[in-house]
Amino acid sequence: VYREHLFETGKDGSQLDSTIQLLEHSSSLIDLFSTSRQAISSLNDGRIRKLDQCLSFLSEWKDEVSATGASPRHFISDKLWFDMQSMIHGFKAVVNIKLTAFPTSVIKSWLVNQDVVENHFCQVRACNGQNKNPTYRLQEQTQNSIRYGQTTISRKSNVGLNSR
């Protein structure tokens with residue numbers, strides 16, 4: 001609306017184009033993972049293509065920042081960029097694996113979350129005495145004890161709790 005107002009008043013509203021694109025891509029991610037209650041039942045679902053479009057938009061933005069020699073601060077942080085790539089590639093892999101193995105099943109994207117992963121890393125930290133920089137050997141022993149000896153559900157989290 002503001003962009004249209006700028007055009008109507010004879011001003012250049014094109015400087016808002018990239019911001020509008022970012023908001024559109026962000027909105028499609030939010031819709032997929034929290035708002036939409038429509039399950040994914042096909043590898044050709046349009047929302048999967050939107051994930052690819054979002055990743056392409058972000059990649060092009062990163063390349064543009066690098067090519068112009070602009071400060072890296074003109075792009076999202078490295079951690080967020082890694083998380084976005086991991087989220088998109090990981091979710092697409094989950095959809096591909098599940099729908100290939102079980103073609104009549106569905107993916108309820110609004111139920112996909114990181115609780116299990118967070119719980120695992122909490123157990124790793126707890127086993128290492130909250131050590132922020134464990135050695136390879138310490139990490140290896142911790143992983144084995146979690147896999148073979150401990151439960152993967154902590155009673156101190158909201159993971160796996162039945163609400164009655």
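One structure accompanies this document, and this report is about it. Worth saying up front: this structure is predicted, and the values here are computed from it rather than measured.

### Focus on the overall build of the protein
And step 1. Looking only at helices and strands, the protein has 6 helices and 0 strands in total.
And step 2. Ordered by position in the sequence, the α and β elements of the protein form the string α-α-α-α-α-α.
And step 3. Within the protein, the fraction of its 164 residues that count as buried is 23%.
And step 4. Summarising the internal contacts of the protein: among those between residues at least 6 apart in sequence, 51% fall at separations of at least 24.
And step 5. Accessible surface for the protein amounts to roughly 12100 Å². Of this, 54% is attributable to carbon and sulfur atoms.

### Here's the deal with the packing of helix 3 (residues 46–68) against helix 4 (residues 78–101)
And step 1. Relative orientation of the contacting elements helix 3 and helix 4 amounts to 155 degrees, with a least axis distance of 11 Å. Accordingly, the angle class assigned to the pair helix 3 and helix 4 is roughly antiparallel. Crossing of helix 3 against helix 4: the hand is left-handed. For the pair helix 3 and helix 4, contact is made by Ile 48, Leu 51, Asp 52, Cys 54, Leu 55, Leu 58, Ser 59 and Lys 62 and by Trp 81, Met 84, Gln 85, Ile 88, His 89, Phe 91, Lys 92 and Val 95, respectively.
And step 2. Broken down by class, the residue content of the contact of helix 3 with helix 4 amounts to 10 nonpolar, 3 polar and 3 charged.

### Here's the deal with the packing of aromatic side chains
Two descriptors summarise a pair of aromatic rings, namely the distance from one centre to the other and the angle between the planes of the rings.
And step 1. Tallied over the full model, the rule gives 4 aromatic pairs.
And step 2. An aromatic cluster is present here, built from Phe 57, Trp 61, Phe 75 and Trp 81 joined pairwise through their rings.

### Topic: the pattern of salt bridges
And step 1. What the rule picks out here adds up to 2 salt bridges.
And step 2. Note that Asp 52 and Lys 92 form a salt bridge whose closest N and O atoms lie 2.4 Å from each other. Linking Asp 52 in helix 3 with Lys 92 in helix 4, this pair joins segments that are 40 residues apart in sequence.
And step 3. Residue Lys 92 is classed as partly exposed on the basis of its relative accessible area of 25%.

Conventions and cut-offs
- Residues numbered from 1 in each chain as written.
- Predicted model: local features only at pLDDT ≥ 70, side-chain atom pairs only at ≥ 80, totals over all residues.
- Heavy atoms only, no water.
- Helix = DSSP H or I, 4+ residues; strand = E, 2+ residues; numbered from the N terminus.
- Buried < 20%, exposed > 50% of the residue type's maximum accessible area, 1.4 Å probe, protein only.
- Contact = heavy atoms within 4.5 Å.
- Areas by Shrake-Rupley, 256 points an atom, 1.4 Å probe, with all protein chains shown as cover.
- Axes fitted to C-alpha atoms, helices over the stretch in contact; angles between N-to-C directions.
- Parallel < 35°, antiparallel > 145°, perpendicular 65-115°, else oblique.
- Left-handed = near helix turned anticlockwise from the far one by under 90°.
- Nonpolar A, V, L, I, M, F, W, Y, C, P; charged D, E, K, R; others polar.
- Phe/Tyr/Trp six-rings, centres within 6.5 Å; stacked < 30°, edge-to-face > 60°.
- Salt bridge = Lys/Arg side-chain N within 4 Å of Asp/Glu carboxyl O.

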